[in-house]
Amino acid sequence: MDMIGKKAKNCVELLAPAKINLTLEVLGKRDDGYHELRSIMHSVSVYDRITVEPNGTENISVFCSVPLPERNTARTAAELFRAHIGCSGVDIRIEKAIPSEAGLGGASADAAGVLRCMEQLFGRLPEAELYSIGKKVGADVPFCLLGGCALAEGIGERLTKLEPFEYPLLLVKGKAGISTGKLFSFIDEKPLSSDARINRADGFLADTAHPKLHNDLFPAAVSFAPEIEGYRQRLLSLGALDAMMTGSGSAVYGIFSDTESAKRAYEAFPDCEFRRVASTIPNVW
């Protein structure tokens, strides 16, 4: 299927990609309760399949291959889009491949996918308006709407588009998931050391041939799920150029020099409930 999506009989289907954080810095807590962040994010080739179809009513229904809470990002995105332009209700179907509580942005990808589908069904919005809707759903949704590679600042809503990189990856995740809210509460109680104020994004961009991955949340996440450090060390021992947890975890990824090396490393993680050879990808919309 075309990555942009396909439309048939008033129904739109597309693939919504996951994301990884190549760098993630927590710069402090804001007065509004959110955290000031700086992160280089990149889309990767793991996808949820999103289908949206008008239902001729005022209702929005969400059907998913895994259980979702009643108030989920896909529903919220559709409701906000509908309120913005006054369109009909829709039926949303989600086939999940991006694991939850992994730091891979699955819920944000679903919201972005729904918004892009609804644009195809009901008409394009100016990007600023669409991103404003996305921000109301979640901090990572604006990046997922943009796709490719970008520097994200603020709570994630200030985006500077960057040239995408081409990296083969191996993504792994054990059984443990990590609550983003609990993780940030933990680091609020134990503030980061002063070296976290270094601009890691600048360091990464200065030498992309030898990735300098960094995640301020990593040490705290290991206290919740010690296996994360074990997976990182295993990836490095198997030839990864570098390895790091993405987002608030608990997925860990290794960057490899070639896809064959990533495939060989894949065999060393039979204990992981999720493992996937993937790659970074350019803008998909």
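I will try to describe carefully the structure that is included in this document.

Reading the values: rules and limits
Residues numbered from 1 in each chain as written. Predicted model: local features only at pLDDT ≥ 70, side-chain atom pairs only at ≥ 80, totals over all residues. Heavy atoms only, no water. Phe/Tyr/Trp six-rings, centres within 6.5 Å; stacked < 30°, edge-to-face > 60°. Buried < 20%, exposed > 50% of the residue type's maximum accessible area, 1.4 Å probe, protein only. Helix = DSSP H or I, 4+ residues; strand = E, 2+ residues; numbered from the N terminus. Lys NZ or Arg CZ within 6 Å of the ring centre and 35° of its normal. Pairing = 2+ DSSP bridges. Axes fitted to C-alpha atoms, helices over the stretch in contact; angles between N-to-C directions. Contact = heavy atoms within 4.5 Å. Arc of directions from axis to C-beta. Polar contact = N/O pair within 3.5 Å; in protein donor to acceptor, adjacent residues only side chain to side chain. Salt bridge = Lys/Arg side-chain N within 4 Å of Asp/Glu carboxyl O.

1. Quick notes on the packing of aromatic side chains
In step 1: Across all of its chains, the model carries 4 aromatic pairs by this definition.
In step 2: Plain terms: the ring middles of Phe165 and Tyr167 are 5.9 Å apart, the flat faces sit at 20° to each other, and that makes the pair stacked. Accessibility classification places Phe165 together with Tyr167 in one group, the buried group.
In step 3: Between Phe186 and Phe224, the aromatic rings sit 5.6 Å apart at their centres with planes inclined by 70°, giving edge-to-face as the arrangement. Taken as a pair, Phe186 in helix H5 (residues 180-189) and Phe224 in helix H7 (residues 218-224) lie far apart in primary sequence, 38 residues in all.
In step 4: Taken together, the ring pairs in this structure connect Phe165, Tyr167 and Phe204 into an aromatic cluster.
In step 5: The aromatic ring of Tyr266 is capped on one face by Arg275, whose charged end is 4.1 Å from the ring centroid.

2. Some thoughts on the sheet that holds strand S8 (residues 168-173)
In step 1: Taken in spatial order, the 4 strands of this open sheet run S10-S11-S8-S12, and their pairing is antiparallel. Both edges of this open sheet fall to strand S10 (242-245) and strand S12 (274-279), since each of them pairs with a single strand only. The mean inter-strand angle of the sheet, taken between neighbouring strand axes irrespective of direction, is 20°.
In step 2: Pairing of S8 with strand S11 (residues 252-255), which is carried by 4 bridges, proceeds in the antiparallel orientation. Bridging across to S11, Leu169 finds its partner in Ile255.
In step 3: Each of S8, S10 and S11 touches helix H8 (residues 227-237); the most contacted strand, S10, lies at about 165° to it.
In step 4: Contacts from helix H9 (residues 259-266) reach S8 and S12, with the element oriented near 175° to S12.

3. A word on H9
Since the α-helix packs 3.6 residues into each turn, any two residues three or four apart lie on the same face.
In step 1: Residues of H9 that are buried include every one of Ser261, Ala262 and Ala265, and no others. The arc that holds the buried residues of H9, viewed along the axis, is 100°, so those residues lie on one side.
In step 2: Against S8 and S12 lie the buried residues of H9.
In step 3: Its side-chain oxygen at 3.2 Å from the backbone nitrogen of Glu260, Asp258 defines the N-terminal cap of H9.

4. Description of the pattern of salt bridges
In step 1: Inspection of the entire model under this criterion finds 17 salt bridges.
In step 2: In this structure, the salt-bridge partner of Glu70 is Arg75, at a minimum N-O distance of 3.4 Å.
In step 3: The class for Glu70 is exposed, based on a relative accessible area of 59%.
In step 4: Ionic contacts of the salt-bridge type, sharing partners, join the residues Arg116, Glu119, Arg124 and Glu127 into one network.

5. Quick look at the side chain of Thr280
In step 1: When you line up the elements, Thr280 lands in the segment after S12.
In step 2: Take Thr280: its relative accessible area is 7%, and that puts it in the buried class.
In step 3: In this structure the side chain of Thr280 is engaged in a polar contact, spanning 2.9 Å, whose partner is the backbone nitrogen of Tyr167.
In step 4: Ignoring sequence-local partners within four residues, the contact set of Thr280 consists of Ile20, His42, Ser43, Val44, Phe165, Glu166, Tyr167 and Leu169.

6. Describing unusual backbone geometry
In step 1: At the junction of Gly249 and Ser250, the peptide bond is cis and its omega measures out at 15° in the coordinates.
In step 2: The topology assignment puts Ser250 in the loop between S10 and S11.
In step 3: Although it is not a glycine, Glu101 adopts a positive phi angle of roughly 45°.
In step 4: Relative to the elements of secondary structure, Glu101 occurs in the loop between strand S5 (90-95) and helix H2 (106-122).
In step 5: Residue class for Glu101 comes out partly exposed when judged on its relative accessible area of 45%.

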